[in-house]
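Residue strings, one per chain:
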Amino acid sequence: MMLPEYWCRQKLLVVVEGPQEVNGPRRASQTRVEKPFARIGSHESSEVVLSDPSVSGRSLYLHVLPQGVYCVDLACDGPTEKPQHGWLEPDQSLVIGPYLISARAIDDMPTDAQGKDPLQRGSASPPYPIMKISARKHELGYRRLVRRLTIVGRQRPSTIRLTSRSVSAVHCVLYWDASTLWAIDLLSGNGTRLEEDSIEAATLPLGSSLKFGRVTLSYVHLQEDRSPPQEPRQELAASAAEDDPPSVSQEENADDLMHRVLDQLIHVDSGNRKRRQVMWLFLAALAIGVTLIGGAILWTQIAAVLP
């Protein structure tokens, strides 16, 4: 079976040291992951499954870059907890529940010196992908991907946060390597779809759309500088719900989008409820009217035959 082409040829070797045994050493096992990323946790579809009730379904994400292996803690316990992320050294171990995790890239080892943190703003260089966010065909705004790694989801460590129950807490990773945009699903509940096809990892052609339940991210444009993101004029003119492009600070702020998505979904749901209420009121009034008219006709007929 031919493996798909990824952004690099490196694979991962993940070492898991199990829970400490009584008066004994930890047992270690190795997993060779035949791709340049790994999702680690108790989820049965994880590349490395940790079968312990204290471990989250999606606990850790490993991503191979030319500078080495980068890790992101996906299991934040609360909104105030700061997510942990950073470069993973070959001899470094991470604690996940009762386990110790270490990993390194194999096959064509990366040799570049570690540079900017890929989760930080400014780690990407121009051109920048411009993403349009919509919910139920209502346009909500644009985001410029100024990070090499962007996490999409409902809560931290997501940097594009979408308040919708159809979106998982951490839903997918967007990876921009200065020429190609990748999407990697994080074992999300509703899955990540490229157009209508469910994906694990795939490249996004310019003009394509990712779908997370009721929310859509469309790859609409490439921008060469850091001015506020602008959609091509003809696209804006054709939009049924045109919004002014946000400023740079708004565009790079994850929190303002949460409220816009939620408000739009509530607005649409509220409109649907109002239409249903009006319909039921109309049907109830019609039924009452028909009953009254029928009763009046029946009473007239009865009165006509009575002596």
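Residues numbered from 1 in each chain as written. Predicted model: local features only at pLDDT ≥ 70, side-chain atom pairs only at ≥ 80, totals over all residues. Heavy atoms only, no water.

**Some details on a nonpolar patch on the surface**
The grouping of Met279, Trp280, Phe282, Leu283, Leu286 and Val290 at the surface amounts to a nonpolar patch, some 650 Å² of accessible area in total. Following the sequence through the fold, Val290 ends up in helix H3 (residues 255-305). The exposure class assigned to Val290 is exposed, which follows from its relative accessible area of 53%. (Patch = residues over 30% accessible without salt bridge, like charges linked within 9 Å, V, L, I, M, F, W, Y side chains within 5 Å. Areas by Shrake-Rupley, 256 points an atom, 1.4 Å probe, with all protein chains shown as cover. Salt bridge = Lys/Arg side-chain N within 4 Å of Asp/Glu carboxyl O. Helix = DSSP H or I, 4+ residues; strand = E, 2+ residues; numbered from the N terminus. Buried < 20%, exposed > 50% of the residue type's maximum accessible area, 1.4 Å probe, protein only.)

**A short note on the nonpolar core**
Core analysis: the biggest nonpolar cluster contains 40 residues, and Val14, Ile40, Leu50, Leu62 and Ile101 have the highest contact counts within it. Ranked by residues supplied to this core, first place goes to strand E5 (residues 60-65) with 5 residues. Those residues in contact with Ile40 that lie beyond four places of it in its chain are Val14, Ser46, Val48, Leu50, Gly57, Arg58, Ser59, Leu60, Leu62, Ile96 and Ile101. One finds Tyr128, Val167, Leu174 and Ala202 within the second-largest nonpolar core, a separate group that totals 26 residues. (Core = buried A, V, L, I, M, F, W, Y, C linked by side-chain atoms within 4.5 Å. Contact = heavy atoms within 4.5 Å.)

**Remarks on the sheet that holds strand E7 (residues 85-88)**
Pairing within the open sheet is mixed, and its 5 strands lie in the order E4-E3-E5-E6-E7. Pairing within the sheet leaves two strands with one partner each, and these edge strands are strand E4 (48-49) and E7. In this sheet, E5 lies alongside strand E3 (residues 37-41) in antiparallel orientation, the contact comprising 4 bridges. Paired with Ala38 across the two strands is Leu62, which belongs to E5. (Pairing = 2+ DSSP bridges.)

**Let's talk about the pairing of strand E20 (residues 215-223)**
When you tally the buried positions in E20, you get 7 out of 9 residues, the bulk of the element. The sheet contact formed by strand E10 (residues 128-135) and E20 spans 8 bridges and is antiparallel. Note that in E20 the partner of Met131 across the bridge is Tyr219. As defined by bridge partners, strand E19 (residues 209-212) adjoins E20 across 4 bridges and the pair is classed as antiparallel. In the strand pairing of E20, Phe212 is matched with Val215.

**Topic: the pattern of salt bridges**
Taken as a whole and assessed by the stated rule, the structure comprises 7 salt bridges. The partner of Lys35 in a salt bridge is Glu200, with the nearest N and O atoms 3.1 Å apart. With a gap of 165 residues between them, Lys35 in the loop between strand E2 (28-33) and E3 and Glu200 in the loop between strand E17 (197-199) and strand E18 (201-203) connect regions that are remote in the sequence. The exposure class assigned to Lys35 is buried, which follows from its relative accessible area of 14%. One salt-bridge network, held together by shared partners, links Lys35, Arg39, Glu47 and Glu200.

**Brief notes about unusual backbone geometry**
Look at the link from Pro126 to Pro127: it is a cis peptide, with omega at 0°. Here Pro127 lies in the loop between strand E9 (99-106) and E10. Cis geometry marks the peptide bond from Arg156 to Pro157; its omega dihedral reads 10°. Residue position: Pro157 is located in the loop between strand E12 (149-153) and strand E13 (160-161). The backbone phi angle of Ala178 is positive, close to 80°, even though this residue is not glycine. Following the sequence through the fold, Ala178 ends up in the loop between strand E14 (172-176) and strand E15 (181-185). Residue Ala178 is classed as partly exposed on the basis of its relative accessible area, which comes to 41%. Positive phi values are uncommon outside glycine, yet Glu195 reaches one of about 60°. Turning to its location among the elements, Glu195 is positioned in the loop between strand E16 (192-194) and E17.

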